[in-house]
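Topology and contacts: notes
Now for the letters of each chain:
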Amino acid sequence: MQFRTFGRQNNPASVLGFGCMRLPVLDGRSERSGIDEAEALRIIRHAIDSGVNYIDTAYFYHDGQSEVLVGKALKDGYRDKVRLVTKSPVNGIVNRKEDYRRILDEQLKRLNEETVDLYLFHGLNKKSWGIVQSEDLIGCALKAKQEGKIREIGFSFHDEYSVFEEIVNGYDGWSMCQIQYNYMDTDRQAGTRGLKLAASKGLAVVVMEPILGGKLANPPEAIQRLIRESGYPGTPADLALQWVWNQPEVSVVLSGMSNMNQVQQNLDSAERSGIGTLSTETLALIEKIKAYYNAADTIPCTTCKYCMPCPSGVNIPRNIKVYNEAITYQNTAEAGKKYANMKSITGTPESADLCIGCGTCEEKCPQKISIRSWMEQIDSFLGQK
């Protein structure tokens, strides 16, 4: 295993981290069937025995059972070998000062631990960052740190760069941040600007979704052909991982591993990783892949949100994003499930079929997108998947 510096902390981190959101389950398909405990323990401990020292979980993973399983995996001396990370579910169930401490204590009980090494504000965005500020949840974190319940404070993130910049600059005591980053997300969410900003501030940067939820691991045949013809020796997943590890600002790359084969492939890939080691030819290959994806016939939405709010409740940017991902990555089945969830969001459906064709959004759209026509097409296309 290779290791890198972790921000301002002295203890180096393994370049590969184990994300405990996609642990093996009993029927091999649904989290609701429960974690396959024996197999999950086996693969986590194998990863740790192989040098992985960053274990990441959260309150909601596997309906709350991920933390319990991680606690069991870290018995028998394994706790001393790792940096243990979990997250405070801000804007999920932590909305007040009183919630912060109660949920933290519940998580420590689940983990069967007195202390976690890193406690992150989970999935910060503009709204949840507002809650952190208004409720002084950083003050709560500092108190928990003083009491020895947590060692360092960080955050994970899902929003636009401007929000990321505000959060990074909003508190001087961040130890690390966790961002979505891969070769297709350089200009999305925190993006490359966010990566460099955080590193310049001394934060360790942990990367999630390095293969974009699996999309970059199973590309269309045209991209697989590009990779084969280039002579690149690894898999599409390995190529995506190596690209992230190539960035000097990255400390840890997280992978949600579900079986021993995935663990071993990622361990092997991590062993070959390095900063600035990708050849000119490999970087050119990645640019070709990006160009192929970007050339897909998608809707030219920039997510500026000028079209919002919709009088009928349609989340226009989100519908477009789901559709664009379906076309770009040819994952219509997954996109269909996301669209179905948008139809059934409790109390507030936001799917394209709610559009009444009033045209208010089109008057505001700086890209001059024919939104009404696209909403009809999106519902017709994704509503049948």
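Below or above, wherever it landed, is the structure these notes cover. (Residues numbered from 1 in each chain as written. Predicted model: local features only at pLDDT ≥ 70, side-chain atom pairs only at ≥ 80, totals over all residues. Heavy atoms only, no water.)

Side note on the overall build of the protein
The cut-off we apply is this: Numbered from the N terminus, helices here are DSSP runs of H or I no shorter than four residues, and strands are runs of E no shorter than two. Three exposure classes are used, based on accessible area relative to the maximum for each residue type with a 1.4 Å probe and protein chains only: buried under 20%, partly exposed in between, and exposed over 50%. By definition, residues are in contact when any of their heavy atoms lie within 4.5 Å. Using a 1.4 Å probe, accessible areas were evaluated by the Shrake-Rupley method; residue-level cover was limited to the displayed protein chains. Residues scored as charged are limited to Lys and Arg (positive) and Asp and Glu (negative), so that His and the chain ends carry no count. A charged residue contributes its charge at one atom only: NZ of Lys, CZ of Arg, CG of Asp or CD of Glu.
Counting its secondary structure elements, the protein contains 15 helices and 10 strands. Viewed in the frame of its principal axes, the protein has a C-alpha envelope of about 60 × 55 × 45 Å. Here the protein, with 385 residues, has 51% of them falling under the buried criterion. Within the protein, contacts between residues separated by at least 24 positions form 75% of all contacts whose residues are at least 6 apart in sequence. Surface exposure of the protein reaches about 17,500 Å², of which carbon and sulfur atoms provide 47%. For the protein, the distance from the average position of its 45 positive side-chain charges to the average position of its 47 negative side-chain charges is 1 Å.

Brief notes about the pairing of strand β10 (residues 252-256)
To keep it simple, the criterion reads: The pairing criterion is simple: DSSP has to find at least two bridges between the two strands.
Most of β10 sits inside the fold, with 4 of its 5 residues counted as buried. Bridge count between strand β3 (residues 16-19) and β10: 4 bridges; the pairing is parallel. Each residue of the ladder has a partner; that of Leu16, found in β10, is Val253. Bridge count between strand β9 (residues 204-208) and β10: 2 bridges; the pairing is parallel. For Val207, the partnering residue across the bridge sits in β10 and is Val253.

Let's talk about unusual backbone geometry
That bond from Met308 to Pro309 is cis: its omega, 0°, falls within 30 degrees of zero. Take Pro309: it is sitting in the loop between α11 (280-294) and α12 (316-329).

Some words on the packing of aromatic side chains
Let me state the cut-off plainly: Stacked, tilted and edge-to-face are the three classes applied to pairs of Phe, Tyr and Trp rings, where Trp contributes its six-membered ring and a pair requires centres within 6.5 Å; stacked means planes under 30 degrees apart, edge-to-face means over 60, and tilted covers the rest. Cation placement over rings: the criterion is NZ of Lys or CZ of Arg within 6 Å of the ring centroid and within 35° of the ring normal.
Taken as a whole, this structure holds 16 aromatic pairs when the rule is applied. Both rings, one in Tyr181 and one in Trp243, keep their centres 5.3 Å apart while their planes meet at 40°; by these two values the pair is tilted. Taken together, the residues Tyr181 in the loop between β8 (176-180) and α7 (191-200) and Trp243 in helix α9 (residues 236-245) connect sequence positions 62 residues apart. For the pair shown, Tyr181 and Trp243 are each scored as buried. Ring centres of Tyr292 and Tyr293 lie 6.3 Å apart, and the angle between their planes is 70°; this geometry places the pair in the edge-to-face category. Classification of Tyr292 as partly exposed rests on a relative accessible area of 33%. One aromatic cluster in this structure is built from Tyr100, Tyr119, Phe121, Trp129, Phe155, Phe157, Phe164, Tyr171 and Trp174. In this structure, Arg193 packs its charged tip against the face of Tyr161, placed 3.9 Å from the ring centre.

Some words on the pattern of salt bridges
Applicable threshold: Take a side-chain nitrogen of Lys or Arg and a carboxyl oxygen of Asp or Glu: if they are within 4 Å of each other, that pair is a salt bridge.
Inspection of the entire model under this criterion finds 29 salt bridges. Arg96 is the salt-bridge partner of Asp99, the closest N and O atoms lying 3.6 Å from each other. With relative accessibility at 46%, the residue Arg96 sits in the partly exposed group. Between Lys338 and Glu325 there is a salt bridge, and its shortest N-O distance comes to 3.3 Å. Of this pair, Lys338 sits in helix α13 (residues 332-343) while Glu325 is found in helix α12, placing the two residues 13 residues apart along the sequence. We classify Glu325 as buried; its relative accessible area is 18%. What emerges from the salt-bridge pattern is a single network uniting Arg79, Glu113, Asp117 and Arg151.

With respect to the side chain of Asn315
Definition in use: The definition of a polar contact used here is a pair of N or O atoms within 3.5 Å, where within protein one atom must be able to donate a hydrogen and the other to accept one, and adjacent residues in sequence count solely through side-chain atom pairs.
Its location among the elements puts Asn315 in the loop between α11 and α12. A distance of 3.1 Å separates a polar side-chain atom of Asn315 from the backbone nitrogen of Arg318. Excluding anything up to four places from it in sequence, Asn315 contacts Met308, Met342 and Glu350.

Describing the pairing of strand β2 (residues 9-14)
Here strand β1 (residues 3-6) pairs with β2 via 3 bridges, running antiparallel. Following the sheet pairing, Arg4 is matched in β2 by Ala13.

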